[in-house]
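# Inside the fold
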Amino acid sequence: MYRDGLRTAQLIALFLPLALIAGALGSQVFGGLIPCEMCHWQRWPHYAAIIVAALSFAVPHRPTRMLFVLFAGVLIALSGGIGIFHAGVEYHWWPGITPCSTDVAHGDPMQIMMEQLGKPLIRCDAAQWSLFGISLAGFNAILSLAGAVAIFAFAARRPR
């Protein structure tokens, strides 16, 4: 039986970020969770990976298709890396670098307060949801990095 690891890698590269984005948007729409700034950071590489992986199906030449799939895998791993950083901020392993995770405000306090009026206060350093002590950022890190490893492993397989 003919098995092509590249086709499997393509499918993972397309459907993993689609599933993760669907889960994120579903938790937002149906679960009432509001994403913080760092949550959005994790989504951007997945959006790009979906586009790159979808384009890999349109490329006729195997070496070029392989490059598209590997690039999608790198993008998915990037989201996983951001997820590790965000989870670390949530678990207070290290300080965050965004206004939603720091208590230090620079500039005129009155101006800062006026700019914040009307904006929802969503903290990047507090998990809104967790399962077994793992936040959504943690799950993104685990699934994205495992998926990236699977993409690279399947892409490295030779067709039989």
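Below is a summary of the structure that appears in this document. Since we're looking at a predicted model, the values are computed, not measured.

Helix and strand counts for the protein chain come out as five helices and two strands. Ordered by position from N to C terminus, the α and β elements of the protein chain give α-α-α-α-β-β-α. Buried positions account for 38% of the 160 residues belonging to the protein chain. Long-range pairs, those at least 24 residues apart, make up 77% of the contacts in the protein chain between residues at least 6 apart in sequence. Counting only carbon and sulfur atoms, one obtains 72% of the accessible surface of the protein chain, whose full area is about 9,500 Å².

This brings us to the environment of L33. Within the secondary structure, L33 is located in the loop between α1 (5-29) and α2 (37-56). Note on L33: relative accessible area 17%, which makes it buried. Placed 89 residues apart in sequence, L33 and I122 show a C-alpha to C-alpha distance of 9.5 Å.

For any pair of aromatic rings, geometry is given as the distance between the ring centres together with the angle between the planes. With the rule as written, the count across this model stands at two aromatic pairs. Ring geometry for W44 against Y47: centres 5.4 Å apart, planes inclined by 80 degrees, an arrangement best described as edge-to-face. Residue W44 and its partner Y47 are located together in helix α2, separated by three residues, close to a single helical turn. The exposure class of W44 is exposed, given its relative accessible area of 59%. Taking the centre distance of 5.1 Å and the plane angle of 45 degrees together, the rings of Y91 and W93 count as tilted. Here Y91 falls in the partly exposed class, since its relative accessible area comes to 28%.

What counts, and where the lines are drawn
- Residues numbered from 1 in each chain as written.
- Predicted model: local features only at pLDDT ≥ 70, side-chain atom pairs only at ≥ 80, totals over all residues.
- Heavy atoms only, no water.
- Helix = DSSP H or I, 4+ residues; strand = E, 2+ residues; numbered from the N terminus.
- Buried < 20%, exposed > 50% of the residue type's maximum accessible area, 1.4 Å probe, protein only.
- Contact = heavy atoms within 4.5 Å.
- Areas by Shrake-Rupley, 256 points an atom, 1.4 Å probe, with all protein chains shown as cover.
- Phe/Tyr/Trp six-rings, centres within 6.5 Å; stacked < 30°, edge-to-face > 60°.

Such coordinate-based values are descriptive only and should not be taken to indicate function.
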